[in-house]
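Read off the chains here:
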There are 2 protein chains.
Amino acid sequence: MAFSERVSRLKSSLIREILAAAQRPEVMSFAGGLPAEAMLPKVKWDAMPLAMGQYGMSEGEPALREALAAQARALGLACEASQVLVVSGSQQTLDLAAKLHIDVGTEIMLEAPTYLAALQIFQLFGADCITVPLQADGPDLKQLRARLEQHRPAFIYLIPTFQNPSAVRYSEAKRDAVAALLDEFGVTLIEDEPYRELTFDGGSATPIVSRLKKASWIYTGTVSKTLLPGLRVGYLIASPDLFPHLLRLKQSADLHTNRIGQWQALQWIGTEQYRSHLGELRDFYRDRRDRFQAALQTHFSDIADWNMPEGGLFFWLTLKQPLDTRTLLAAALAVDVAFMPGEPFFPEPDRHPGHLRLNFSHIDPSRLDEGLRRLAGVVRAALAAEAA
Amino acid sequence: MAFSERVSRLKSSLIREILAAAQRPEVMSFAGGLPAEAMLPKVKWDAMPLAMGQYGMSEGEPALREALAAQARALGLACEASQVLVVSGSQQTLDLAAKLHIDVGTEIMLEAPTYLAALQIFQLFGADCITVPLQADGPDLKQLRARLEQHRPAFIYLIPTFQNPSAVRYSEAKRDAVAALLDEFGVTLIEDEPYRELTFDGGSATPIVSRLKKASWIYTGTVSKTLLPGLRVGYLIASPDLFPHLLRLKQSADLHTNRIGQWQALQWIGTEQYRSHLGELRDFYRDRRDRFQAALQTHFSDIADWNMPEGGLFFWLTLKQPLDTRTLLAAALAVDVAFMPGEPFFPEPDRHPGHLRLNFSHIDPSRLDEGLRRLAGVVRAALAAEAA
C-alpha cells in the first residue's frame, strides 16, 4: 500500500462522527451547524432551462458571477464579476486556498479558536499553524503584530463576522487595524463569511478585504446558511493576482460547480424575495437564540461563562473549571445529547480545555430545555468526579 | 506573494482555453467532449423533497449508493453500498486519488496517451509519470511487465473502455492479463469508466477491478456522459482498505456532493426509463460516428490513419507525416475550427507529435463535412510549408 505522506495527517473527523451519532432521531443535537428544516425555502425548479444540464464554465455561471459581484460591491468590496469564482460550497475555497499556498511546513496564521474543518484541511496539506487569540471584539492586536514580526505566514485565515466557533464579531476599529497590519506586513488575507447575513441585532461590518490597500486577498461566502446547503453553492472573490491560479485549481478539482444549484441560487441573490426570506430567517433565529440564552442561564450560569451571540448559529461556552470536554461526549450521547467539544477548534487541543460549542438553530425548542438540562448534568457529574 | 511549490506545476489548461474559443457560435468544434444538446433528457424536478436542500452525508445519498452498488454488481464487480462514494463529477475522484497517493516524486503509471485532466492533476501533486504504450487492444503487456519490474508505482490509472483520447477498448484477454500483473506486483488500480455505456457495436467488457484478487482498487464512473453533466454527479467504488481515507478526503474537499443532482441521478439509475434513454443515445451517437467516419475518409484518408471507435466520443487520428499539431491550432481557429492537439495527452508532449483528438458527438452534422474539410486544409498547408 503506497499512501502519500499527507494521509498520515488525515484525521478522523470528529464532526462527522458526532453528526453520524446525532442522526438518531432521539438525540437532541447541539453539535452541527444545520439550518432549521422549517426555514428551508420552498424553491421552484420548473423554469430551469434544460441547458443547465450541459457542461458549464469552470468560473461559474456568468449571470450568477455578476449578481455575486454586485452583492459584494454593495458590502463595500470593490470587485468585478471577473474576480468571482463559483465553488462547490465555501468548504471548497479552503481546499483551493490550501493547494495554492501550503507546502509541508508552510507557516499560516489562524484565530484561536478557528473553524475546525479549515484547521483540518490546512493541516492535511502540512501547514504549520500560528495562532492569534481572539478577544470579545476580535484578535488581540498586540499579539497579532508580534506574530507578524516573528513570522512570514503564507496567509491569515479569519472569520470576522459571527466567528465559528466563538461567535465573535470584530469591531470596526479592529477590522481597520487588522487590515493595516496585513498591508504593513504584506500578508494575504482569507476572509470567510458564511454567517454575515445571520445578524440579529442590526449593525454592519464592512469586510476586512475591502479595507486592504496592498495585500492580496480571498473573500468567501455561501448560500448554505441562508438558502439551501444541499445545493452546494458557494463562491470566492479574489484579488486579481490570485484569481487565475484559483480558477485552474478549481478546474482540476471538479471542472465546475453544479449548474442546477447555481441556477437556483441566481433566482434568489439580489432579489426582494431573498431580502424578505433573510428577514424571516433573522427573526426565526433571533427567537431561537433568545430562548437558548434563557435556557442556558437556567442550567449553565453557575458552571460556565459566555457572550450572547449577535449573529451566526453558535454559543461558545467557557467552563469556569476547565476540563477536557472531549471526555464528556460519550456520557452526553448516552443520555441522547450531542455537542461539539471545544478542544479540536485549536491547533493544540490539549492546551485549550474547557469550551463547548452549542448550536442553537437546529434543535426543536420543545426539547431545548431538557437537552441543556441533561448536558449540564453531564458536565456537573464530570466536575464532581474530578473533585472527588 | 507566498505560493506553494505545487503552483509552479499548475499549467494553463489547453482544454479550457480551446473550449473558451470554441464558444463562439460560428466555430465548428471537434475539441470538447460535450454530449449533444439534443440528447439531454428532459428531467423533472417537481417530486423532489424539500429535505434535499439540507446538508447531507459525505458518503452520498444512501439510496443512490445502493443503486450504484447494484449497477456495479450487475457489471461483475463484487461490492457493497458501503464502498460507494458519491463525488462531484468523476474528475473529483482524480483529485481525491491524487491526495491519497501522490507526494512530490511519487511514481505513478499511466497509459500513453492518457486523459489530459488526469495527467494535469497528477502532475500538479508532483507525480513522476511512467507510461505504458497503448496498442489497438490495450496496453503493450511486455512493456507493462518491464515497467512493473523496474518501478513501484503508487497506482496505475487506466481507462479500459473507449479510452480518452485514443478510443481504445481493451480486449478480454488484456483485461485478464493486466489484472494478473497488478495482483502479481501489488499495484493499486484506478479504473476510470466514463464511456462504458456509450457502446455502439455491442459486446461487453467486465471491469478490470472485478478481475483483481489481491490488489487495491478504485473504480470511477459518472452520469455526465449519459444523463446530465451539469448535475456534477459521479461516483467511486473502492476496495475497503482505501474507502475510509477517500471518504475523509471527500469531506475535507467539499463536505458532500450536491443533493439536488444526486436525487435526479437516483430517478434514473437502474430504471427502465434510463435503459431506454441509453438505447436512444447509442443509436444517436452511432449515427454521428458513422457520418464522421465517412467525412474523415473523404478529407483525411491520404494524410492520417485511425481506428473506427466502437464507443465513446472521439476519433484519434495519427498523421502519416508527424508534425506538432499544437502549431495548427491558431490556423484552425482562424477558419473557425477547433480540435484537440494530441501532444498534451502524453507526459512528454514533444516526443509524441502528430495526433489529433476529434470529438464526433457535439457538432451539428450539417457542418461536419465543411469543418473536417477546413481542418484537413490546415493540416495540408502545414505539411506543405514543412516540405518547402
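None of these values were measured; they are calculated from a predicted model.

### Digging into the overall build of chain A
Part 1 of the reasoning: Across its full length, chain A holds eleven helices and 14 strands.
Part 2 of the reasoning: The globule rule puts the C-alpha radius of gyration for 388 residues at 21 Å, and the 21 Å found for chain A is close to it.
Part 3 of the reasoning: By its C-alpha atoms, chain A is 60 × 55 × 55 Å across when sized along the principal axes.
Part 4 of the reasoning: By the burial criterion, 64% of the 388 residues in chain A qualify as buried.
Part 5 of the reasoning: The long-range fraction of contacts in chain A, counting pairs at least 24 apart against all pairs at least 6 apart in sequence, stands at 74%.

### A look at helix α6 (residues 172–185) of chain A
All names here are of chain A.
Part 1 of the reasoning: Compared with the 20 Å implied by 1.5 Å per residue over 14 residues, the 20 Å span of α6 between its first and last C-alpha is a close match.
Part 2 of the reasoning: Along α6, the positions that sit buried rather than exposed are K174, R175, V178, A179, L181, L182, D183 and F185.
Part 3 of the reasoning: Looking one or two residues beyond α6, the residue adopting positive phi is G186, at roughly 65°.

### Some points on the interface of chain B and chain A
Part 1 of the reasoning: Contacts between chain B and chain A engage 69 residues on the former and 69 residues on the latter.
Part 2 of the reasoning: Summed over both partners, the interface of chain B with chain A comes to about 5,800 Å²; 59% of that surface belongs to carbon and sulfur atoms.
Part 3 of the reasoning: In this structure, the connection of chain B to chain A is made through two salt bridges.
Part 4 of the reasoning: Linking chain B to chain A there are 28 residue pairs in polar contact (both at pLDDT 80 or more).
Part 5 of the reasoning: Elements with a minimum of two residues in the side of chain B that touches chain A: α3 (90–101), α4 (116–124), α7 (243–254) and α8 (259–266) of chain B.
Part 6 of the reasoning: Ranked by the residues each element gives to the side of chain B that touches chain A, the list is headed by α7 of chain B, at eight residues.

### Section: the packing of helix α3 (residues 90–101) of chain A against helix α7 (residues 243–254) of chain A
All names here are of chain A.
Part 1 of the reasoning: The geometry of α3 relative to α7 is characterised by a closest axis approach of 10 Å and an angle of 115° between their N-to-C directions. Between α3 and α7 the crossing geometry is right-handed. Residues Q92, L96, A97, K99 and L100 of α3 pack against H245, L246, L249, K250, A253 and D254 of α7.
Part 2 of the reasoning: When the residues that make up the contact of α3 with α7 are grouped by side-chain class, the tally is six nonpolar, two polar and three charged.

### Examining the environment of L119 of chain A
Residues and elements named next belong to chain A.
Part 1 of the reasoning: Here L119 lies in helix α4 (residues 116–124).
Part 2 of the reasoning: Residue L119 is classed as buried on the basis of its relative accessible area, which comes to 2%.
Part 3 of the reasoning: Taking the C-alpha atoms as reference points, L119 and P347, 228 residues apart in sequence, are found 7.1 Å from one another.
Part 4 of the reasoning: What L119 contacts, discounting residues up to four positions off in sequence, is L110, T114, C129, P344, F345, F346 and P347.

### Here we look at unusual backbone geometry
Part 1 of the reasoning: Here the amide bond leading from A112 of chain B into P113 of chain B is cis, since omega sits at 5°, within 30 degrees of zero.
Part 2 of the reasoning: The step from N164 of chain B to P165 of chain B runs through a cis peptide bond, and the omega angle for that step is 20°.
Part 3 of the reasoning: By secondary structure assignment, the location of P165 of chain B is in the loop between β6 (155–158) and α6 (172–185).
Part 4 of the reasoning: Positive phi values are uncommon outside glycine, yet L255 of chain A reaches one of about 65°.
Part 5 of the reasoning: Counting through the fold element by element, L255 of chain A comes out in the loop between α7 and α8 (259–266).
Part 6 of the reasoning: Phi angles above zero are rare outside glycine, and A167 of chain B is one such case at about 70°.
Part 7 of the reasoning: Looking at where A167 of chain B falls in the secondary structure, it is placed in the loop between β6 and α6.
Part 8 of the reasoning: On the basis of relative accessible area, A167 of chain B is assigned to the buried category, the value being 12%.

### As for the side chain of D140 of chain B
Residue and element names in this part refer to chain B.
Part 1 of the reasoning: Mapped onto the elements of the fold, D140 is located in the loop between β5 (138–139) and α5 (141–150).
Part 2 of the reasoning: There is no salt bridge for the buried D140, and the closest opposite charge comes from K174, which lies 6.4 Å off by N-O distance.
Part 3 of the reasoning: Of note is the side chain of D140, whose polar atom sits 3.4 Å from the side chain of Q135.
Part 4 of the reasoning: A distance of 3.1 Å separates a polar atom in the side chain of D140 from the backbone nitrogen of K142.
Part 5 of the reasoning: Residues contacting D140, with those up to four places away along its chain left out, are V132, P133, Q135 and K174.

### Focus: the sheet that holds strand β2 (residues 84–87) of chain A
All names here are of chain A.
Part 1 of the reasoning: Sheet architecture is open: eight strands sit in the order β2-β9-β8-β7-β6-β3-β4-β5, paired in mixed fashion. With one partner strand each, in any of the chains shown, β2 and β5 (138–139) form the two edges of the open sheet.
Part 2 of the reasoning: In the sheet, strand β3 (residues 107–112) pairs with strand β4 (residues 128–135) via six bridges, with the strands oriented parallel. Each residue of the ladder has a partner; that of L110, found in β4, is T131.
Part 3 of the reasoning: Each of β2, β6 (155–158), β7 (188–192), β8 (217–222) and β9 (234–238) touches α3; the most contacted strand, β8, lies at about 160° to it.

### Quick look at the relation of the copies chain B and chain A
Part 1 of the reasoning: Note on the identical chains: chain B maps onto chain A by a rotation of 180° and an axial translation of 0.0 Å, with an RMSD of 0.0 Å. Between the two chains, the operation in question is that of a two-fold axis. In terms of C-alpha distance to the rotation axis, chain B has W45 of chain B as its closest residue, with the C-alpha 3.1 Å off the axis.

### A look at the UniProt feature "domain: Aminotransferase class I/classII large" (unreviewed entry) in chain A
Part 1 of the reasoning: When the UniProt feature table is mapped to this numbering, "domain: Aminotransferase class I/classII large" (unreviewed entry) covers residues 53–375 of chain A.
Part 2 of the reasoning: Between the C-alpha atoms that bound residues 53–375 of chain A the distance is 47 Å, and the span itself is 38% helix and 18% strand.

### A look at the side chain of H299 of chain B
Part 1 of the reasoning: Mapped onto the secondary structure, H299 of chain B falls in helix α9 (residues 272–300).
Part 2 of the reasoning: Look past the residues within four positions of H299 of chain B in its chain and what remains in contact with it is D369, L372, R373, A376 and R380 of chain B.

### Brief notes about the environment of P322 of chain A
Residue and element names in this part refer to chain A.
Part 1 of the reasoning: Within the secondary structure layout, P322 lies in the loop between β11 (314–319) and α10 (329–334).
Part 2 of the reasoning: The sequence separation of P322 and W268 amounts to 54 residues, and the corresponding C-alpha distance is 45 Å.
Part 3 of the reasoning: Sequence-distant contacts of P322, that is, excluding residues within four places in its chain, are made with P353, G354 and E386.

### What to know about the pairing of strand β4 (residues 128–135) of chain B
Residues and elements named next belong to chain B.
Part 1 of the reasoning: In this view, the connection linking strand β3 (residues 107–112) to its parallel neighbour β4 by way of α4 has right-handed handedness.
Part 2 of the reasoning: With two bridges joining them, β4 and β5 adopt antiparallel strand pairing. If you follow Q135 over to β5, its bridge partner there is G138.
Part 3 of the reasoning: Taking the residues that link successive antiparallel strands as the turn, the β4-β5 hairpin has two residues.

### Looking at the sheet that holds strand β13 (residues 340–341) of chain B
All names here are of chain B.
Part 1 of the reasoning: Pairing within the open sheet is antiparallel, and its four strands lie in the order β10-β11-β14-β13. Only two strands of the sheet have a single neighbouring strand rather than two, namely β10 (304–305) and β13.
Part 2 of the reasoning: Sheet analysis places strand β11 (residues 314–319) next to strand β14 (residues 355–359), joined by five bridges and oriented antiparallel. The residue bridging T318 from the neighbouring strand is H355, located in β14.
Part 3 of the reasoning: Contacting β10, β11 and β14, α9 runs over the sheet at an angle of about 15° to β11.

### Description of the packing of aromatic side chains
Each pair of aromatic rings is reported with the distance of its centres and the angle of its planes.
Part 1 of the reasoning: Within the structure shown, the criterion is met by 27 aromatic pairs over all chains.
Part 2 of the reasoning: An angle of 75° between the planes, with centres 5.6 Å apart, marks the rings of F284 of chain B and Y285 of chain B as edge-to-face.
Part 3 of the reasoning: A residue is classified by how much of its surface remains accessible, and Y285 of chain B, at 1% relative accessible area, is buried.
Part 4 of the reasoning: Ring-pair connections join several aromatic residues into one group, and the members of that group are F30, F200, F292, F315 and F360 of chain A.
Part 5 of the reasoning: Lying over the aromatic face of F125 of chain A, R6 of chain A brings its terminal NZ or CZ to 5.9 Å of the ring centre.

### Regarding the pattern of salt bridges
All names here are of chain B.
Part 1 of the reasoning: One pass over the full model with this rule turns up 54 salt bridges over all chains.
Part 2 of the reasoning: Measuring nitrogen to oxygen at the nearest pair gives 2.4 Å for the salt bridge that ties E193 to R196. R196 carries the same exposure label as E193, and that label is buried.
Part 3 of the reasoning: Two residues, D350 and R326, come together in a salt bridge whose shortest N-O distance is 2.6 Å. Pair noted here: D350 is in the loop between β13 and β14 and R326 is in the loop between β11 and α10 (329–334), with a separation of 24 residues, a long-range link.
Part 4 of the reasoning: Relative accessible area serves as the criterion here: at 63%, D350 is assigned to the exposed category.

Quick notes on the rules
Residues numbered from 1 in each chain as written. Chains lettered and ligands numbered in written order. Predicted model: local features only at pLDDT ≥ 70, side-chain atom pairs only at ≥ 80, totals over all residues. Heavy atoms only, no water. Helix = DSSP H or I, 4+ residues; strand = E, 2+ residues; numbered from the N terminus. Rg over C-alpha atoms; globule rule 2.2 N^0.38 Å. Buried < 20%, exposed > 50% of the residue type's maximum accessible area, 1.4 Å probe, protein only. Contact = heavy atoms within 4.5 Å. Expected span 1.5 Å × (residues − 1). Buried area = accessible area lost by both parts, 1.4 Å probe. Salt bridge = Lys/Arg side-chain N within 4 Å of Asp/Glu carboxyl O. Polar contact = N/O pair within 3.5 Å; in protein donor to acceptor, adjacent residues only side chain to side chain. Axes fitted to C-alpha atoms, helices over the stretch in contact; angles between N-to-C directions. Left-handed = near helix turned anticlockwise from the far one by under 90°. Nonpolar A, V, L, I, M, F, W, Y, C, P; charged D, E, K, R; others polar. Lys, Arg positive; Asp, Glu negative; His and termini not counted. Pairing = 2+ DSSP bridges. Least-squares fit on C-alpha atoms with pLDDT ≥ 70 in both. UniProt positions renumbered as here; feature names shortened; annotations may be inferred. Right-handed = clockwise from strand over helix to strand, strands pointing away. Phe/Tyr/Trp six-rings, centres within 6.5 Å; stacked < 30°, edge-to-face > 60°. Lys NZ or Arg CZ within 6 Å of the ring centre and 35° of its normal.

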